[in-house]
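One-letter residues, chain by chain:
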Amino acid sequence: MKPAYEFRSDNCGRAAPELIEALAAANTGTDLGYGGDALTASLQVRLAEVFETPVRVFPVPTGTAANALALAASATPFGAVYCAPEAHINTSEGNATGFFGSGTKLVTLAGTHGKVGPGGLEGAIAAAGVGLAHRSQPAAVNLVQATDLGAVYSIDEIAALGDVAHAHGLKVHMDGARFANALVRLGCTPAQGSWRAGVDVLSLGVTKNGGLLADAIVVFAPETASSIGFHLRRAGTVWSKMRFASAQILAYVKDDLWLRLARQANDAAARLAEQIRPLAGVTLIAPVEANELFVDMPPAMIAALQSEGFLFQRRGPRLARFVCRWDTSDDEIAALSGCMGRLAAKEAA
Ligand SMILES: Cc1ncc(COP(=O)(O)O)c(C=O)c1O
């Protein structure tokens, strides 16, 4: 059997040993359920330190729950949430935003590399029919950091969107499934990459970056925090043994583990990008700024890579997505780039 080289998703990897150890350490004695425990209390304090501001943190089982329930608390049932066409809430969450928002509508705004732009948002709000009961009312904007094409919003880009959104009374939701990867790329603090740039509520990804079974909603806007517990509870997403979810997230941020893991994944993606960028017939369709590569190449090359045992997502006849994990090895990178090099040379001959 040929070896399998894993580039399908950062979901396919292992959990970081530190999180497993934290789970074992939390498995002692008794404590209250549903977030009334000491570890969940510590998590509130710890993330307030990490983000340098008071926050409310709600551990949740999945990124989809984080997104849909953060947005349910940010928008009305007759509200519109603006997002990029590629946004995970639009392509991959089974209408969860509309379902948990009791009718909230997604409105897509085309932009560059999976981003929403401030001009597009301004135009959409102007054309929305604010105050008309026949129309969806602008309620929130969703930005995915890093984007669903692997690019990273700069702090200025987030702030420009935040300014437009707040001028019109919209909330700013960041889908930070790869927030740590973006922080490492930007070289900024968690505060600079979120609320200081205008983010009201963050879906904080943990699972993809060495996590196990928990992501979190981090709320910066106190008025959003007051209703979110109800949305979570009615959606059945409040862990009863919450302390085990909180233990994972505490371990995730301890001693900057989250940034270390994200740096490893980003560095692996950068190395891969560097090695395949010069190949004939191979085009990276978006900047590689986090841990994902979106690559246009001849269909025959995609098929050959698959039959050589490389695991990745085919996103179209010529489009493939490769994702690097925190533990992607040098051997995996060398094997993929080497094979692509040989196939590209064969195609060009
Ligand atoms: C950008 C983004 N947001 C959210 C999610 C949601 O994650 P989950 O599958 O845990 O619901 C994903 C998962 O692939 C993602 O890539």
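The shown structure was predicted, so the numbers you read here are calculated from the model rather than taken from an experiment. (Residues numbered from 1 in each chain as written. Predicted model: local features only at pLDDT ≥ 70, side-chain atom pairs only at ≥ 80, totals over all residues. Heavy atoms only, no water.)

> With reference to specific residues and values, describe the overall build of the protein.
Counting its secondary structure elements, the protein contains 13 helices and 13 strands. Against the globule reference of 20 Å for 349 residues, the protein gives a C-alpha radius of gyration of 21 Å, in line with a compact fold. Oriented by its inertia axes, the alpha-carbon framework of the protein measures out at about 65 × 55 × 30 Å. Taking all 349 residues of the protein together, the buried fraction comes to 54%. Accessible surface, the protein as shown: approximately 14,500 Å² in total, 55% of it carbon and sulfur. The protein carries 29 positive and 32 negative side-chain charges, and their two centres are separated by 5 Å. (Helix = DSSP H or I, 4+ residues; strand = E, 2+ residues; numbered from the N terminus. Rg over C-alpha atoms; globule rule 2.2 N^0.38 Å. Buried < 20%, exposed > 50% of the residue type's maximum accessible area, 1.4 Å probe, protein only. Areas by Shrake-Rupley, 256 points an atom, 1.4 Å probe, with all protein chains shown as cover. Lys, Arg positive; Asp, Glu negative; His and termini not counted. Charge placed at Lys NZ, Arg CZ, Asp CG, Glu CD.)

> Tell me about the pairing of strand β6 (residues 171–176), residues and numbers included.
For β6, a buried count of six out of six residues is recorded, marking the element as mostly surrounded by other parts of the structure. Inspection of the sheet shows strand β5 (residues 137–144) paired to β6 by five bridges, in the parallel sense. From the neighbouring strand, Ala-140 faces β6, where its bridge partner is Lys-171. On the question of chirality, the crossover connecting β5 to the parallel β6 by way of helix α7 (residues 155–167) is right-handed. Where β6 meets strand β7 (residues 201–204), four bridges bridge the pair, whose relative direction is parallel. Along β7, the bridge assignment pairs Gly-176 with Leu-204. (Pairing = 2+ DSSP bridges. Right-handed = clockwise from strand over helix to strand, strands pointing away.)

> Kindly report on the layout of surface pockets, identifying the contributing residues and their values.
Taken as a whole, the largest pocket encloses approximately 590 Å³ of empty space. His-88, Asp-148, Arg-178, Lys-208 and Arg-321 are the residues nearest the centre of the largest pocket, which is lined by 32 residues in total. Taken together, the elements giving at least two residues each to the lining of the largest pocket come down to α3 (63–74), α4 (88–91), β10 (292–296) and β13 (319–323). A total of three residues in the lining of the largest pocket trace back to one element, the largest contributor, which is α3. (1 Å grid on protein atoms, 1.4 Å probe; cavity = no way out; pocket = protein on both sides within 12 Å on 5 of 7 lines; lining within 4 Å. Points joined across faces, edges and corners; volume = space filled by probe spheres on them.)

> Describe in detail the environment of Asn-27, supporting the description with residues and values.
Positionally, Asn-27 belongs in the loop between α1 (17–26) and α2 (38–51). We classify Asn-27 as exposed; its relative accessible area is 56%. Counting along the chain gives 75 residues from Asn-27 to Ser-102, while the straight-line C-alpha distance between them is 38 Å.

> Describe the sheet that holds β6, listing the residues and the values that go with them.
Taking strand neighbours across the sheet as the criterion, the seven strands line up as β2-β8-β7-β6-β5-β3-β4 in an open arrangement whose pairing is mixed. Single-partner strands in this sheet number two, and they are β2 (56–60) and β4 (105–108). This sheet shows a mean twist of 25 degrees between the axes of neighbouring strands, independent of strand direction. By the bridge criterion, four bridges tie β7 to strand β8 (residues 215–219) in an arrangement that is antiparallel. Note that in β8 the partner of Val-201 across the bridge is Val-219. (Axes fitted to C-alpha atoms, helices over the stretch in contact; angles between N-to-C directions.)

Structural measurements only, silent on function.
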